[in-house]
2 protein chains.
Amino acid sequence: MTDSKTDICDNSNDTITKRLRAAGLRPTVQRRTVAENLLCGPHQHVDASKLFETISGNGGRISLATIYNTLNDFERVGLLRRIAISGERTWFDTDTGDHRHYYIPDEDRVFDCPSSALVIDVTPRAPSGYRIEKVDVVIHLEADTTKTSD
Amino acid sequence: MTDSKTDICDNSNDTITKRLRAAGLRPTVQRRTVAENLLCGPHQHVDASKLFETISGNGGRISLATIYNTLNDFERVGLLRRIAISGERTWFDTDTGDHRHYYIPDEDRVFDCPSSALVIDVTPRAPSGYRIEKVDVVIHLEADTTKTSD
DNA sequence: ATGCCTGCAAAAACTTTGCAGAATT
DNA sequence: AATTCTGCAAAGTTTTTGCAGGCAT
């Protein structure tokens with residue numbers, strides 16, 4: 001079971017409020033809105049502008065700056081995980097667990113790489129004096145025009 | 001042997017010129033300067049501003065815009081590999097082969113993760129319809145304040 | 001001589017910050 | 001009421017682009 005977080009949030013304001021408070025964040029309207037959009041339902045991958053559009057499109061009232069602040073706050077308290085994609089923009093993942101990502105530049109899309117797609121999982125060692133904070137694995141994909149099956 | 005490229009370039013203008021020409025790039029002064037700095041000697045990891053400072057510090061005459069253009073050109077023709085680090089800046093690696101990276105945010109430093117630090121190497125599968133273009137693995141490190149040896 | 005490349009500056013894209021007002025406790 | 005947060009705009013970073021002049025072929 002990797003979706004331990006998926007149904008913690010039942011979309012009620014109460015649950016979201018508790019969750020934010022537990023993380024040490026004041027449950028403001030904007031933060032609740034972001035939490036509703038990101039932390040309820042299945043995991044997702046967003047960047048600031050995409051989230052801004054989604055919330056604004058749903059009638060939410062929030063500024064881009066607050067989106068950035070909120071995403072950074074959420075990451076700081078462990079509600080989100082920052083992903084390093086090709087260096088353009090910063091993406092955030094609602095799944096804070098250790099896993100890999102597929103990235104399709106041509107479609108500007110990021111999604112999880114199921115562990116079944118990996119032969120064996122490996123944990124790299126850290127050089128002495130350091131410890132591993134996190135491991136980012138991004139698998140860049142391209143549409144395969146080759147019709148041949150392997 | 002993974003340093004197949006290390007000594008291809010003997011630092012002579014001739015070799016660099018040939019290399020650029022082989023890649024389909026005109027051997028201009030600026031491109032030769034960048035190539036001298038990056039493609040000769042041991043592999044390195046740079047970002048645009050760091051490279052700009054290095055070259056400028058050595059008396060090289062090149063603009064930041066040209067640095068960016070050149071790095072992008074070099075990547076396009078396969079002389080460099082782009083690395084996705086936490087989303088701040090874009091780094092380039094002179095080692096275009098498949099390997100992992102250590103990243104130390106506090107020191108703003110990137111370096112190779114020797115394969116000996118990995119237990120087993122894995123190749124992920126691509127979802128159907130796509131093929132893997134490249135895999136970015138970035139291991140984020142933090143200074144270990146724990147004195148305990150494992 | 002032709003065409004590609006460079007430099008500069010301007011702009012574009014992304015992200016952070018400052019301050020006054022508003023919401024939360 | 002005190003504190004924290006939001007919004008807006010302005011500024012900061014990083015990267016790209018346009019155009020006139022320069023260099024490579």
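Before reading on, note that the structure itself is shown above.
This text gives an overview of the structure that appears in the document. Please read these numbers as outputs of a predicted model, since none were measured by experiment. (Residues numbered from 1 in each chain as written. Chains lettered and ligands numbered in written order. Predicted model: local features only at pLDDT ≥ 70, side-chain atom pairs only at ≥ 80, totals over all residues. Heavy atoms only, no water.)

Here we come to the pattern of salt bridges. It is possible for side chains bearing opposite charge to pair when their charged atoms get close. Tallied over the entire structure, the rule returns 18 salt bridges over all chains. Put simply, A:Arg89 and A:Asp108 hold a salt bridge, and the shortest N to O gap is 2.6 Å. Of this pair, A:Arg89 sits in the loop between strand S2 (81-84) and strand S3 (90-93) while A:Asp108 sits in the loop between strand S4 (100-104) and strand S5 (109-113), and the two are 19 residues apart along the sequence. For A:Arg89, a relative accessible area of 28% corresponds to the partly exposed category. Under the relative-accessibility criterion, A:Asp108 is labelled partly exposed at 30%. Taking the shortest distance from any N to any O, the salt bridge between B:Asp136 and B:Arg81 comes out at 3.4 Å. Here B:Asp136 is found in strand S6 (residues 130-143), whereas its partner B:Arg81 is found in strand S2 (residues 81-84), with 55 residues between them in sequence. (Salt bridge = Lys/Arg side-chain N within 4 Å of Asp/Glu carboxyl O. Helix = DSSP H or I, 4+ residues; strand = E, 2+ residues; numbered from the N terminus. Buried < 20%, exposed > 50% of the residue type's maximum accessible area, 1.4 Å probe, protein only.)

Moving on, we get to the protein's contact with DNA strand D. A:Thr28, A:Thr66, B:Arg21, B:Tyr68 and B:Thr90 are the nearest of the 21 residues found near DNA strand D. For DNA strand D, the fraction of atoms within 4 Å of the protein that belong to sugar or phosphate moieties is 80%. A:Arg61 has a polar backbone atom sitting 2.9 Å from a phosphate oxygen of DNA strand D. Contacts to DNA strand D include B:Arg21, whose side-chain N or O atom sits 2.5 Å from a phosphate oxygen. Looking at the surface near DNA strand D, the elements that each hand over two or more residues are helix H2 (29-39) and helix H4 (64-76) of chain A together with helix H4 (64-76) of chain B. Looking at the surface near DNA strand D, the element that brings in the most residues is H4(B), giving five residues. Of the residues that constitute the surface near DNA strand D, the class distribution is seven nonpolar, seven polar and seven charged. (Near = heavy atom within 4 Å. Polar contact = N/O pair within 3.5 Å; in protein donor to acceptor, adjacent residues only side chain to side chain. Nonpolar A, V, L, I, M, F, W, Y, C, P; charged D, E, K, R; others polar.)

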